[in-house]
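Chain by chain, the residues run as shown.
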Amino acid sequence: MISLDLRNAKLNEDLNKWQDKVSEAHKQLHEKTGKGNDFVGWVDWPVNYDKEEFARILALKKRMEGKYDTVLVCGIGGSYLGARAAIEMIKGLYPEDGIEVIFVGNTFSTTYISQVLKHIKNREVVLNVISKSGTTTETSVAFRIFKQWMEKKYGEAARERIYATTDKARGTLKALADQMGYETFVIPDDIGGRYSVFTAVGLLPLALANVDIEALMKGSFDAMNELNTPDLAKNPAYQYAVARRILDNMGYKAEYFVTYHLQLTMVAEWWKQLFGESEGKDGKGILPTSACFTTDLHSLGQFIQEGSKVEYETILYVDEMAEDLVFPSDPDDLDHMNYLAGKKLSWVSEMAFEGTLSAHSDDGNNPNMVIHLKDNSAYSFGYMIYFFFIACGMTCYLLDINPFNQPGVEVYKKKMFKLLGKE
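Residues numbered from 1 in each chain as written. Predicted model: local features only at pLDDT ≥ 70, side-chain atom pairs only at ≥ 80, totals over all residues. Heavy atoms only, no water.

### Some details on the pattern of salt bridges
At step 1: Enumeration according to the criterion identifies 30 salt bridges in this entry.
At step 2: For D400, the salt bridge identified is with K35, shortest N-O distance 3.1 Å. Taken together, the positions of D400 in the loop between α14 (378–398) and α15 (407–420) and K35 in the loop between α1 (19–31) and α2 (45–48) put the pair 365 residues apart, joining distant regions of the chain.
At step 3: Look at D400 and you get partly exposed, because its relative accessible area is 47%.
At step 4: Of the residues examined, K35 reaches a relative accessible area of 40% and is grouped as partly exposed.
At step 5: Note that R161 is salt-bridged to E124, the shortest N-O span being 3.7 Å. One end of the pair, R161, is in the loop between α6 (137–154) and β5 (162–166); the other, E124, is in the loop between α5 (110–119) and β4 (125–130), with 37 residues separating them in the sequence. (Salt bridge = Lys/Arg side-chain N within 4 Å of Asp/Glu carboxyl O. Helix = DSSP H or I, 4+ residues; strand = E, 2+ residues; numbered from the N terminus. Buried < 20%, exposed > 50% of the residue type's maximum accessible area, 1.4 Å probe, protein only.)

Here you go:
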C-alpha cells in the first residue's frame, strides 16, 4: 500500500546503524512508557476504537440522508485538518454528490464568516462543532454565530441538526450540548487533536460527507498490523523517521512535503500540523513546509533548484488517481500541443514528477524521498495517516522529545486572552 524510495535521499550513513534506537523507541510507543505516554491511544485505536459510537455515526448519517446538502464543520487545528484532508483527497475539490462541506471556526476573518453566512442562506445545513474543552476562541466565536443562525432557520429542530464532538464528561461544550440536547460524540482522553482524524473528530464529518469510513478504518487497521515491527528493513514508516533524523544531522533544517495534485493540498496542511506541533520544541526539529507541483515549480522551483541548500523534499506520490483524462487532438495544432494527443494526463503528470525529481536531485543536489501511495481511496487514506502517525512518534522519540504536547501553542492564547479582556 505504501512504499518508500530512498535512492535520491543522499543519506550519509546507513539506516541500520539506528536499529537499536528504533527498537527501544518502538517498545516505548507500543508499551506506552515513553514521553507523553498518556497520549498514545492512537497506537492501537484501529482495533480498540469505540464500536458503539462508530455505529451511532453511521446511524446518524442514515437518519439524516436527504435532509441536508451542506455540512458545517466548526473546529481548528486537529479538529478540522484531518477531515478536510480526507474529504478533498478522496472526493476531490468539486464532488458530484451534491454535499458541500464548509469549514468554519478556524479563523477570525470577518469576511470569510460573513460570506459563509450568505452562501448557506438557502441551503439545508447540519453543523458539527468539535472542541475538547469548548473554550478555543476561534471555534467558540464561530459556533455562537452559526448556532444562532441555525436556531433562527430551524427553530427547535436545530438541535437535531447540531452535533458536538467533545470531552466525554466535562467542559464548556459538553455542558452546553447536554443542556441544548445535542447528540454528542467523544474526543478520547488519550488521543491528541492532531492524531484524532480516525476518531469521531474526523469520522463524523467524513460520514456526513459520504466518505466510506469503514474502508478508512480498515486501512488504518491494516497499517497498524503491517507497520507493527521494529525491524527497519521491513518498516517503511520507521525508515522515513530515521532518514529525517539523518538529514537533520546533515544540516537540512526544512522539509518540503510535495504533492502533485491540488486535491492533496490539505493533506500537506495536515502533515505540517502533525510534524510541526509534534517535533518543533526544545529548540529542536525540522521546519515542515509544503509545495504542490507542478504549480509551485513556477514560484518555489527556482529556489529549490539553485538556492541555498537548507531543505530536502519528501514527495507523496499517488500512483493511481481515481479520475483521468486523455489529451485531445486538434487538426490545426495552432498551439503545437499535438505531441501530447492521445496521452493520459496522468502520464503527463508522471513525466513531470520524474523530470522534476531528476532536476532537483541530480542537477540541484537536493535530497529527495518518495513515498508511493497506491491510490486516493478511503482505505489508502486510512493507511496513510497511520503511516505518518507512527513515523512521527518514532522520529520524535529519536530526537528525545515529547511528540504529544504543544506548550508553545498556549503562549499566543494567553497573550490574546489578556488583550481580549478574558478573565
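### Quick notes on the side chain of K91
At step 1: Within the secondary structure layout, K91 lies in helix α4 (residues 81–91).
At step 2: Residue K91 is classed as buried on the basis of its relative accessible area of 17%.
At step 3: At 2.6 Å, the side chain of K91 and the side chain of D97 are in polar contact.
At step 4: Residues within four places of K91 in sequence aside, it is in contact with A86, D97, I99, A209, N210 and V211. (Polar contact = N/O pair within 3.5 Å; in protein donor to acceptor, adjacent residues only side chain to side chain. Contact = heavy atoms within 4.5 Å.)

### Considering the packing of helix α10 (residues 236–249) against α14
In helix packing, the relevant descriptors are the interaxial angle and the interaxial distance, both defined with respect to the helix axes.
At step 1: Contact pair α10 / α14: the axes reach a minimum separation of 8 Å and the direction vectors enclose 40°. On the basis of the axis angle, α10 is oblique to α14. For the pair α10 and α14, the crossing hand works out as right-handed. Contact residues: P236, A237, Y238, Y240, A241, V242, R244 and R245 in α10; F387, F388, I390, A391, M394, T395 and L398 in α14.
At step 2: The residue inventory of the contact of α10 with α14, partitioned by class, reads 12 nonpolar, one polar and two charged. (Axes fitted to C-alpha atoms, helices over the stretch in contact; angles between N-to-C directions. Parallel < 35°, antiparallel > 145°, perpendicular 65-115°, else oblique. Left-handed = near helix turned anticlockwise from the far one by under 90°. Nonpolar A, V, L, I, M, F, W, Y, C, P; charged D, E, K, R; others polar.)

Scope: geometric values only; no functional claims are made or implied.
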